[in-house]
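# Understanding the architecture of this molecule
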Amino acid sequence: MMIAAMNAWAELAKASSNMMNTHLRLNETMTASRSVIGARMTVMGKAACRPAQGDYAELGGMMLEKVVAIAKVNEALVEQWSAIMVDATKQAQHLCDLLLGARPLRAGDVLGLAERSMEHATRMITRSMDTGGLALAPVHLHIARRLSE
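Residues numbered from 1 in each chain as written. Predicted model: local features only at pLDDT ≥ 70, side-chain atom pairs only at ≥ 80, totals over all residues. Heavy atoms only, no water.

## A short note on the overall build of the protein
The following threshold applies: Helix numbers and strand numbers start at the N terminus; a helix is a DSSP run of H or I with at least 4 residues, a strand a run of E with at least 2. With C-alpha atoms as the basis for the radius of gyration, the globule rule is written as 2.2 Å multiplied by the number of residues raised to the power 0.38.
A tally of regular secondary structure across the protein gives 3 helices and 0 strands. Listing the helices and strands of the protein from first to last along the sequence gives α-α-α. Over its C-alpha trace the protein gives a radius of gyration of 24 Å, far above what one expects of a compact globule, namely 15 Å for 149 residues. Expressed along its principal axes, the backbone C-alpha trace of the protein runs to roughly 80 × 30 × 15 Å.

## Describing the confidence of the model for the protein
What counts, and what does not: For every residue, the predictor states its confidence as a pLDDT score lying anywhere from 0 to 100.
Mean pLDDT for the protein: 87, with 97% of residues reaching 70 or above. Considering each helix and strand of the protein separately, the mean pLDDT is smallest for helix α3 (residues 107–148), with a value of 86, and largest for helix α2 (residues 56–99), with 90.

## Looking at α2
What counts is decided by this rule: To estimate the expected span of a helix, count its residues, drop one, and scale the result by 1.5 Å. Exposure is judged per residue with a 1.4 Å probe applied to protein chains only, and the accessible area is read against the type maximum: over 50% gives exposed, under 20% gives buried, and values in between give partly exposed.
Given a rise of 1.5 Å per residue, 44 residues ought to cover 64 Å, and the 64 Å separating the end C-alpha atoms of α2 matches this to within 8%. Within α2 the residues assigned to the buried category are L59, M62, A69, V73, A76, Q80, I84, D87, Q91 and L98.

## Things to note about the pattern of salt bridges
How we decide: Any Lys or Arg side-chain nitrogen located within 4 Å of an Asp or Glu carboxyl oxygen qualifies as a salt bridge.
According to the stated counting rule, one finds 4 salt bridges in the structure shown. The partner of R127 in a salt bridge is D87, and the shortest N-O contact between them spans 3.2 Å. Separated by 40 residues along the polypeptide, R127 in helix α3 and D87 in helix α2 bring together distant segments of the chain. With relative accessibility at 22%, the residue R127 sits in the partly exposed group.

## As for the environment of G45
Within the fold, G45 resides in helix α1 (residues 2–49). Overall, G45 belongs to the partly exposed group, its relative accessible area being 29%.

## With respect to the side chain of Q80
Which entries qualify depends on this criterion: We call two residues contacting when some pair of their heavy atoms lies within 4.5 Å.
Summarising the element assignment, Q80 is placed in helix α2. Setting aside residues up to four positions removed in sequence, Q80 forms contacts with R127, D130, T131 and L134.

## With respect to α1
The condition is simple: Fitting axes to the seven residues ending at a residue and to the seven starting there, one defines the bend at that residue as the angle between these axes.
Taking 1.5 Å per residue as the helical rise, α1 with its 48 residues ought to reach 70 Å, and the 68 Å between its terminal C-alpha atoms agrees with that figure. Taking the largest bend as the criterion, α1 deviates by roughly 30°, centred on S33. For α1, the complete set of buried residues consists of A4, A8, A15, T22, T29, A32, S33, V36, R40 and A47.

Structure, rendered in structure tokens:
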């Protein structure tokens, strides 16, 4: 049980550090998005004012980039949600196996269940803490790519 508790603290510290990094990436993304939005508004404004001279390849590319970025965000979130659900299902199955077994629970069973429950709770919490970073990553990458062009 002591090892599970130590691992829990280490995993929570790592997830907290990841959340701080996510905060920094979010600030970078928000700051950089101003120049990207400004450049895109110029392209859209020119196309609106002078339709014959509009950069429709760029406008189409902008739309495609948004769709791809949103799809990647959704994919990351669905993968994370699926991992959480699979983990919860395995934990519930293990609990059912213990409680519906043909013999009474032993001290080792209870200790093992407590350790397993702590590990499960730690994974659930850290996965939840990581979700924001997973959702931001494709958008952050997209903004960084646009600024480097």
